[in-house]
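Examining the three-dimensional arrangement
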Amino acid sequence: MTQVRRMLDELGDELWMIDQRGRDVPTIKVTRSGEVIKAAGPAEALSGRRVFEGDAFDLFAPFDTAPDLRVPRARLRIVPGKVAGEPHLAHSRLTTRDVAGLARRGFTLAEIRELYPGEDSDALREAIDLEASLSAA
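Definitions and cut-offs
- Once a new chain begins, its residue numbering starts again from 1 and follows that chain's sequence as written.
- pLDDT decides what is reported in this predicted model: residues at 70 or higher carry local features, side-chain atom pairs at 80 or more are listed and counted, and totals for whole chains, interfaces and linings draw on all residues regardless.
- Hydrogens and waters are ignored; side-chain quantities use all the structure's heavy atoms.
- Counting from the N terminus, the helices are the DSSP runs of H or I reaching at least four residues and the strands are the DSSP runs of E reaching at least two.
- Categorising residues by exposure relies on relative accessible area from a 1.4 Å probe, with only protein chains included: less than 20% of the type maximum marks a residue as buried, more than 50% marks it as exposed, and the intermediate range marks it as partly exposed.
- Should any heavy atoms of two residues lie within 4.5 Å, those residues are counted as being in contact.
- Charge counting follows a simple rule: Lys and Arg are positive, Asp and Glu are negative, and His as well as the terminal groups are ignored.
- Basic side-chain nitrogens of Lys or Arg form a salt bridge, by our definition, when they fall within 4 Å of a carboxyl oxygen of Asp or Glu.
- We define a polar contact as two N or O atoms separated by no more than 3.5 Å, with the added condition that, inside protein, one atom must be a possible hydrogen donor and the other a possible acceptor, whereas residues neighbouring each other in sequence contribute only through side-chain atom pairs.
- You can read pLDDT as the predictor saying how much it trusts each residue, on a scale of 0 to 100.

1. Here's the deal with the overall build of the chain
In terms of regular secondary structure, the chain is built from four helices and eight strands. Within the chain, buried positions represent 34% of all 137 residues. Contacts spanning at least 24 positions in sequence make up 36% of the contacts within the chain whose residues lie at least 6 apart.

Structure representation (structure tokens):
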């Protein structure tokens with residue numbers, strides 16, 4: 001994570017770039033050995049060493065066993081810099097960890113909905129489900 005933070009600090013606002021298809025894609029990747037590299041232009045490690053890009057994977061792409069880090073569920077988001085990069089309900093600052101914590105303490109979905117009347121029940125349910133899947137992984 002230290003390498004990721006250093007690369008994010010180095011890139012600043014250049015974390016995302018537009019690819020040939022017009023899609024936003026991240027400018028950093030991680031090699032199989034865990035080295036963080038710049039993916040925009042020639043692949044380069046923090047040390048300045050060039051890296052074969054085929055040996056790297058998209059840090060933000062979905063994994064087989066983990067949620068898509070851009071959109072972990074339909075009504076949830078992970079946005080760098082928003083609520084410290086924690087998963088949260090879309091268009092909100094309510095984290096999935098907070099919602100799941102209430103559920104673990106015995107609050108029902110209806111009771112959680114009463115505490116957060118502006119939030120969608122499906123989004124609250126997704127938050128609880130996401131945290132359950134993360135703790136099981």
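2. Here's the deal with the side chain of Glu119
Residue placement: Glu119 occurs in the loop between helix H3 (109-115) and helix H4 (121-136). Although Glu119 lies buried, it forms no salt bridge, and the closest oppositely charged side chain, Arg113, sits 7.9 Å away as judged by the N-O distance. When neighbours within four sequence positions are excluded, Glu119 is seen to be in contact with Leu89, Ser92, Leu94, Arg113 and Leu124.

3. Regarding the pattern of salt bridges
In total, this model carries six salt bridges according to the counting rule given. With a closest N to O distance of 3.7 Å, Arg75 and Asp122 form a salt bridge. One end of the pair, Arg75, is in the loop between strand S6 (56-58) and strand S7 (76-77); the other, Asp122, is in helix H4, and 47 residues separate them in sequence. Arg75 gets classed as partly exposed once you look at its relative accessible area, which sits at 32%. One salt bridge in this structure joins Asp122 and Arg125, with 2.7 Å as the shortest N-O distance. Pair noted here: Asp122 and Arg125 are both in helix H4, with a separation of three residues, about one helical turn. On the basis of relative accessible area, Asp122 is assigned to the partly exposed category, the value being 33%. Taken together, the shared-partner salt bridges in this structure form one network comprising Arg75, Asp120, Asp122, Arg125 and Glu126.

4. Brief notes about the side chain of Glu131
When you line up the elements, Glu131 lands in helix H4. Within the buried core, Glu131 has no salt-bridge partner, and the shortest N-O distance to an opposite charge, that of Arg97, equals 5.3 Å. In terms of polar contacts, Glu131 uses its side chain to reach the side chain of Thr96, at 2.5 Å. Once residues within four sequence positions are removed from consideration, Glu131 is found in contact with Pro87, Thr96, Arg97 and Ala100.

5. Quick look at the confidence of the model for the chain
Looking at the chain as a whole, its pLDDT mean stands at 76, while 51% of the residues score no less than 70. Mean pLDDT across the secondary structure elements of the chain bottoms out at strand S5 (residues 44-45), with 47, and peaks at H3, with 97. Considering only residues more than four positions removed or in separate chains, one finds that residues 42-46, a stretch of pLDDT under 50, has 21 contacts.

6. Points about the environment of Tyr116
For Tyr116, the position within the fold is in the loop between H3 and H4. Since its relative accessible area comes to 30%, Tyr116 is described here as partly exposed. C-alpha of Tyr116 to C-alpha of Val99: the two residues are 17 residues apart in sequence and 9.7 Å apart in space. Tyr116 has contacts with Leu94 and Leu102, leaving out every residue within four places of it along the chain.

7. Examining unusual backbone geometry
Of note in the backbone geometry, Val83 takes a positive phi value of approximately 45° without being a glycine. Tracing the sequence through the fold places Val83 in the loop between S7 and strand S8 (88-89). Not every positive phi belongs to a glycine, and His91 is a case in point at roughly 60°. Note that His91 resides in the loop between S8 and helix H2 (96-104).

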